[in-house]
Amino acid sequence: VINVVGIGPGDRGYLTPLALELIMQSDWLVGGERQLAAFDDFVGNKRRLDSRLTDLVGWLTANQHLTVTVLASGDPMLYGIGKYLSGALDDKNIRLVSGISSIQYLFSRIGLDMNDLYLTSSHGKTPDFDFILQHNKVALVTDTVIGPRQIAEQIIQRGLRRTLIIGENLSYADERIHILAPAQVADGYDLNVVVILNEGQ
Ligand SMILES: C[S@@+](CC[C@H](N)C(=O)[O-])C[C@H]1O[C@@H](n2cnc3c(N)ncnc32)[C@H](O)[C@@H]1O
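Residues numbered from 1 in each chain as written. Predicted model: local features only at pLDDT ≥ 70, side-chain atom pairs only at ≥ 80, totals over all residues. Heavy atoms only, no water.

Enquirer: Explanation requested: the packing of helix H3 (residues 53-62) against helix H4 (residues 81-88) in the structure shown.
Expert: The axes of two packed helices give the description: the angle between them and the distance between them. The interhelical angle for the contact between H3 and H4, taken along N-to-C directions, is 55 degrees, at an axis separation of 11 Å. On the basis of the axis angle, H3 is oblique to H4. Judged by the sense of rotation from one axis to the other, the crossing of H3 with H4 is right-handed. Packed against H3, whose contacting residues are Leu53, Thr54, Leu56, Val57 and Leu60, the element H4 presents Ile81, Tyr84, Leu85 and Ala88 at the interface. (Axes fitted to C-alpha atoms, helices over the stretch in contact; angles between N-to-C directions. Helix = DSSP H or I, 4+ residues; strand = E, 2+ residues; numbered from the N terminus. Parallel < 35°, antiparallel > 145°, perpendicular 65-115°, else oblique. Left-handed = near helix turned anticlockwise from the far one by under 90°. Contact = heavy atoms within 4.5 Å.)

If you want it as structure tokens, here you go:
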């Protein structure tokens, strides 16, 4: 069986007991370097996840008689590997287990409800900013190409008033949360998610 397990934002405290149980009972753990490093107490086999996802599907299919757990950051179904793997593998052999998304984590840290939130991503793609900025509450997972500064520029270019909340290295010891006007957003943030609020609403 192939488990695809959300491991939360990073700190083990945000991992569910079910996720931990499935991980520890696995023959193989598959994940990115940072994700595998979080389970250095796992004694089975480990496989590094790289960008060649078709290779991974072939390997998973060949090994589905074993218990293989694929680690997904946050929640596997929020801009995670869960979407791809659930499309590529047979439903009978895959078990998807939700985790706490980095975005959910950030909203609790800042004490803001997620009601009516528009969730999207600039991770590996250019979002439609005209569409996004019609919403009063937006959260994005990002990457190093389109991150906080590029998002702030889109707001400034349109002459809009918004507040940006940048959650950096969430749940890790070096976590930082910044609440800024677009003009105050510079370069140089680590792993981050961005919330765009229209507080005039
Ligand atoms: C491929 S997406 C995965 C999102 C994940 N499925 C989730 O629910 O959080 C990767 C992006 O998630 C965000 N992310 C994941 N973990 C984070 C953390 N601990 N702190 C800040 N951002 C994080 C970053 O924007 C990162 O580039």
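Enquirer: Honestly, the nonpolar core in this entry has me stumped. Any pointers?
Expert: If you look at soluble globular proteins, the nonpolar side chains tend to sit buried side by side. Formed by 16 residues in total, the largest nonpolar core has its most connected members in Leu140, Ile151, Leu164, Val185, Val194 and Ile196. Elements supplying a minimum of two residues to this core: helix H6 (129-132), strand S7 (137-141), helix H7 (148-157), strand S8 (163-168) and strand S10 (192-197). With three residues, the top contributor of residues to this core is H7. In contact with Leu140, not counting residues within four places along its chain, are Ile103, Thr120, Ser121, Ser122, Pro127, Ile132, Ile151, Val193, Val194 and Ile196. Of all hydrophobic cores here, the second largest spans 14 residues; its members include Ile2, Val4, Leu56 and Leu85. (Core = buried A, V, L, I, M, F, W, Y, C linked by side-chain atoms within 4.5 Å. Buried < 20%, exposed > 50% of the residue type's maximum accessible area, 1.4 Å probe, protein only.)

Enquirer: Help me understand the pairing of strand S2 (residues 28-31) in this model?
Expert: The two faces of the sheet receive side chains in turn, since in a regular strand these alternate between them. Where S2 meets strand S3 (residues 45-48), four bridges bridge the pair, whose relative direction is parallel. Directly across from Leu29, in S3, lies its bridge partner Lys46. Relative to strand S4 (residues 68-72), S2 runs parallel, the two being bridged by three bridges. Of the residues in S4, the one forming a bridge with Leu29 is Thr69. (Pairing = 2+ DSSP bridges.)

Enquirer: Looking at this structure, how should I read empty space enclosed by the protein?
Expert: Empty space among the atoms becomes apparent when a probe as large as a water molecule is rolled across them. Applying the stated criterion across every chain, the model contains one cavity of 30 Å³ or more. Taken as a whole, the largest cavity spans an internal volume of roughly 40 Å³. Along its surface, the largest cavity is lined by Arg47, Arg48, Leu49, Asp50, Arg52 and Leu56. Here the lining of the largest cavity is built from residues that sort into two nonpolar, no polar and four charged. (1 Å grid on protein atoms, 1.4 Å probe; cavity = no way out; pocket = protein on both sides within 12 Å on 5 of 7 lines; lining within 4 Å. Points joined across faces, edges and corners; volume = space filled by probe spheres on them. Nonpolar A, V, L, I, M, F, W, Y, C, P; charged D, E, K, R; others polar.)

Enquirer: Help me understand the layout of surface pockets in this model?
Expert: Here the largest pocket defines a volume of roughly 1100 Å³. Along the wall of the largest pocket there are 43 residues; nearest its centre are Arg34, Ser73, His123, Thr142 and Leu191. When residues of the lining of the largest pocket are traced back to their parent elements, those giving at least two are helix H2 (33-37), S4, H7, S8 and S10.

Honestly, that's just the spatial picture; any functional story needs more than this.
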